[in-house]
Amino acid sequence: MVDPKTADQALQQYIRPQSFPIAIRMLKPGEPIPERAKRPARDFKKLSMNCQVIDMARRYGWMIALTREDHICSLGITALGFDKPTHLYNSGTLCEGMYTETADAGQRSEAAVDKFGYGEYYCLLVCPLDRATFEPHLVVVYANPAQVMRLTQAALWKRGGKLASSFGGRISCSETIVTTMKTEEPQVILPCSGDRIFGQTQDHEMAFTIPWPKMEEIIEGLEGTHKGGIRYPITQFMEYEAKMPPKYMEVNKLWEVQAGKSQYTPRDHVVAAYKRTFTDRVPVYPIVASFAGCLDGLSIEEYCTDPQKAIKAQLNYFERYQPDVVLAYNDLAKEAEAVGCGVKYSDYVVPSIATHVLQDDKGKLAKLSIPDPKSAGRLPAFLEMCEGLMAAKLPTATGAVLVGPWTIAMLMRNPEMLLLDTFEDPAFIHELMRFATDYCKVFGDEALKTKIGLSFSEPTASISLISPDNYREFIAPYHKELVDYFKAKKAGLTTHICGTTYPIYEDLIQAGFTTLSIDLDQQSDPKLHVDQLTRLKEVAKKRVVVIGNVDATLFERATKEEIEAEVRRCVESAARDSAFILSTSCEIPPRSKPEVVGWFLEAARDYGRYDRLMG
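This is a predicted model, so every value here is computed, not measured. By convention here, each chain's residues receive numbers from 1 onward along its written sequence. Owing to the predicted nature of the model, reporting of local features is limited to residues with pLDDT of at least 70; listing and counting of side-chain atom pairs is limited to 80 or more, with chain, interface and lining totals taken over all residues. With hydrogens and water excluded, all non-hydrogen atoms of the structure serve as input to the side-chain values.

Q: How do you make sense of the packing of helix α18 (residues 405–413) against helix α19 (residues 415–424) when you look at a structure like this?
A: Packed helices, taken two at a time, are described by the angle their axes make and the gap between the axes. Interhelical geometry of α18 versus α19 gives an angle of 110 degrees and a closest axis separation of 6 Å. Judged by the angle between their axes, α18 and α19 are roughly perpendicular. Counting all contacts with α18, which are made through Trp406, Ala409, Met410 and Arg413, the residues of α19 involved are Pro415, Met417, Leu418, Leu419 and Asp421. Within the contact of α18 with α19, the residues separate by chemical class into 7 nonpolar, no polar and 2 charged. Under this scheme, a helix contributes an axis fitted over its contacting stretch, all axes are lines through C-alpha atoms, and angles between N-to-C directions fall in the 0 to 180 degree range. Runs of H or I in DSSP of at least four residues are treated as helices and runs of E of at least two as strands, each being numbered from the N terminus. The labels follow the angle: roughly parallel below 35 degrees, roughly antiparallel above 145, roughly perpendicular from 65 to 115, and oblique for the rest. It only takes one pair of heavy atoms within 4.5 Å for two residues to be counted as in contact. Note on residue categories: nonpolar means Ala, Val, Leu, Ile, Met, Phe, Trp, Tyr, Cys or Pro, charged means Asp, Glu, Lys or Arg, and polar means any other residue, Gly included.

Q: Is there a simple way to explain the side chain of Thr495 in this structure?
A: As for its placement among the helices and strands, Thr495 is situated in strand β12 (residues 493–497). Each residue gets one of three labels from its accessible area relative to the maximum for its type: buried under 20%, exposed over 50%, partly exposed in between, using a 1.4 Å probe on protein chains only. Judged by its relative accessible area of 2%, Thr495 is buried. From its side chain, Thr495 meets the backbone oxygen of Phe456 in a polar contact 2.8 Å long. With near-sequence residues (within four places) excluded, Thr495 lies in contact with Ser455, Phe456, Glu458, Phe513, Thr515, Leu516 and Ser517. Any pair of nitrogen or oxygen atoms within 3.5 Å is treated as a polar contact; in protein, a donor-acceptor pairing is required on top of that, and neighbouring residues in sequence qualify only through side-chain atoms on both sides.

Q: Explain the sheet that holds strand β2 (residues 64–67) here, please?
A: Sheet strands pair by backbone hydrogen bonding; their relative direction is either parallel or antiparallel. By definition, two strands form a pair when at least two bridges between them are found by DSSP. One open sheet holds the 6 strands; their spatial order is β2-β3-β1-β4-β6-β5, and the pairing between them is antiparallel. Where the open sheet ends on each side, the last strands, each with one partner, are β2 and β5 (187–189). For this sheet, the mean angle separating the axes of adjacent strands, direction not counted, is 25 degrees. Pairing of β5 with strand β6 (residues 206–211) involves 3 bridges; the strand directions are antiparallel. Counterpart to Gln187 in the pairing with β6 is Thr209. Relative to the sheet, helix α3 (residues 50–60) contacts β1 (22–27), β2, β3 (123–128) and β4 (138–143), its axis offset from that of β3 by approximately 25 degrees. Helix-sheet contacts for helix α7 (residues 145–155) involve β4, β5 and β6, and the interaxial angle to β6 is about 25 degrees.

Q: Could you clarify how one ought to interpret the packing of aromatic side chains in this entry?
A: Each pair of aromatic rings is reported with the distance of its centres and the angle of its planes. Pairs were defined over the aromatic rings of Phe, Tyr and Trp, the Trp ring being its six-membered one, requiring ring centres within 6.5 Å. Orientation was assigned from the angle between planes: stacked under 30 degrees, edge-to-face over 60, tilted for the rest. In the structure shown here, the tally under the stated rule is 12 aromatic pairs. Ring geometry for Tyr485 versus Phe486: centroids 5.0 Å apart, planes at 90 degrees, classification edge-to-face. Residue Tyr485 is classed as partly exposed on the basis of its relative accessible area, which comes to 26%. The class of Phe486 is buried, set by a relative accessible area of 0%. Members of the aromatic cluster, each reached through a chain of ring pairs, are Phe44, Tyr60 and Trp62. Taking the ring centre of Phe428 as reference, the NZ or CZ of Lys362 above it sits at 5.3 Å. Only Lys NZ and Arg CZ are tested; either one counts as a charge over a ring when it is within 6 Å of the ring centre and within 35 degrees of the ring normal. When the ring centre of Tyr348 is taken as reference, the NZ or CZ atom of Arg591 above it lies at 5.9 Å.

Q: Would you explain the pairing of β6 in this entry?
A: Side-chain direction in a regular strand flips from residue to residue, so the side chains alternate between the two faces of the sheet. Burial analysis of β6 places 6 of its 6 residues in the buried class, the great majority of the element. Side chains Met206, Phe208 and Ile210 project from β6 onto one buried face, and the interleaved Ala207, Thr209 and Pro211 project onto a second face that is buried too. Bridge analysis of β4 against β6 gives 6 bridges, and the strand direction is antiparallel. Bridge pairing in β6 places Ala143 opposite Met206.

Q: Hey, could you run me through the nonpolar core in this one?
A: Generally speaking, nonpolar side chains in soluble globular proteins are found buried as a group. Core analysis: the largest hydrophobic core is formed by 123 residues, its most contacted members being Tyr303, Trp406, Val567, Phe580, Leu582 and Phe600. Here the element with the most residues in this core is helix α20 (residues 426–448); it accounts for 10 residues. Other than its neighbours up to four places away in sequence, Phe580 contacts Ala273, Val282, Pro283, Leu533, Lys537, Val545, Val546, Gly548, Cys570, Ala574 and Ala575. Residues grouped as a nonpolar core are buried Ala, Val, Leu, Ile, Met, Phe, Trp, Tyr and Cys residues, joined through side-chain atoms within 4.5 Å.

Q: When you look at helix α8 (residues 172–183) in this model, what are you seeing that I'm missing?
A: In an α-helix, one turn spans 3.6 residues; hence positions three or four apart end up facing the same way. Taking 1.5 Å per residue as the helical rise, α8 with its 12 residues ought to reach 16 Å, and the 15 Å between its terminal C-alpha atoms agrees with that figure. Counted residue by residue, α8 has 10 buried out of 12 residues, so it is predominantly covered. Listed as buried for α8 are Ser172, Cys173, Ser174, Glu175, Thr176, Ile177, Val178, Thr179, Thr180 and Met181. One or two steps after α8, the chain reaches Glu184, where phi turns positive at roughly 55 degrees. Expected span of a helix: the number of residues minus one, times 1.5 Å.

Q: How should I be thinking about the packing of α20 against helix α21 (residues 468–487) in this particular structure?
A: Packing of α20 against α21 leaves a shortest axis separation of 10 Å and a crossing angle of 25 degrees. Taken together, the axes of α20 and α21 lie roughly parallel to each other. Of the two elements, α20 crosses α21, and the hand of that crossing is right-handed. Residues Pro426, Ile429, His430, Met433, Arg434, Thr437, Asp438, Cys440, Lys441, Gly444, Asp445 and Leu448 of α20 pack against Glu473, Phe474, Ile475, Tyr478, Glu481, Leu482, Tyr485 and Phe486 of α21. Grouping the constituent residues of the contact of α20 with α21 by class yields 11 nonpolar, 3 polar and 6 charged. Crossings are classed by handedness, with left-handed meaning an anticlockwise turn of the near helix from the far one by less than a right angle and right-handed meaning a clockwise turn.

See below:
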């Protein structure tokens, strides 16, 4: 038979409990109390209870003997048979209102508590297992759930199956001592409220009891399961590849790219800007529409009216220059044309409006209906272009350039007349903006079905044309409505505004645009000129992604040095903290020089390297 010290050593080796395993013996009448055992009433001058002395023994290492004369807990006294159950106990009133709703339920709870017969034992003797000078009736180990699990596994090593334990949530000293001794089976113990309050058992602790005759079997089970690989502390599976935070993985990707083991796609550069992080360089693209057609030998009208030729032209443009963004973009007249405006084409400049549908009679607005994007004018052709570019699965970010509500309104009415309306008929402007905003939603919905990114261009919302107050009164509410509408569809919006915009930067940010594409400041007085890119980065503080603003007019005439200087200006102004995409101040002219476009992208990939910029 195993001795207490050997048993304790096995528990310490395989279970490692935080407090001493406790040997418990119930002394029968006439059985002497060891001389060195402490007596609460005599030695502490205080009465105690079952859970309290067990906790003292397991934390202090004391041997304690608890008799009726040392005891204060009527429930514990009754459970151990140190006194007779009273009618108060049997009535269920000790449970009523605390543990059970009624006295009848309380009677059932009290009856379920295992008890020794009155006078069967007279003393509870406890002490740390390795210091026991007596043969225990049982051993109790207070432990965490994982340690209790290990003891349960050890108990089933030879027999298999399951252990059966029952829980009442109160008088757990009965389950620990009486139930274990009566069943002669190990028990999983859920410490009760009293054990936690007076025995100061902690929230993370449970207990496990072992009848002494089963101790050797438990030790054998601990050894056997340990050899089988079931251990405490619980072994952790470590042969896995961790999923690190995305920013950590970006460093690994950069190292792989630098070592030539991997490469970034154009889309990777753009995504990094939206995540406010970095690849190896600044994302870059020129704003390209008809230039792609001209590069392919098309007239501007062919590019803007034949979607299949436009798709081919944009794909050829991508293959030649490898920009990080490709646009489904023909011109900004298509929406106004579909509602009744006339369009004129040129061999050198982008299409423009020849006749304005509301110029002579703004009353016509009441008779107009929103064009059907699937059938009206060139709208179906534009959607075809979106579908074709998305079907090509380019490794780029791909966006569609639609026209925003204010510019649609301007083109429908005539810009000069609409500016007069801001003084003479503001109510009409709001009616027209309501129409144009709903139009943008309908057309945007159809474009979004292709899964392309959305940009609503607003060249005429420029403070070069209108005042900041005009923007706030006539445009901002509709911009916010449009942004919120597509945000609900999980689509962020980009907007591009020509000319001077810095007085409304905060308004544009508050409208909720994901991305702002800006032009150069076009104030005529050089003394009032503002570096709009630097100003926007200062105002935005990474709340939006900023796109801009290499002078687009240079692409017809610039030298390589001039382009490089513009690229350096933009990179040095805005690239250090990400949330920036290097681009042009506006659409590059259709007849831009192909070599200038190449110089622009080369300079961006050189001066835009983050190691160079921040090294």
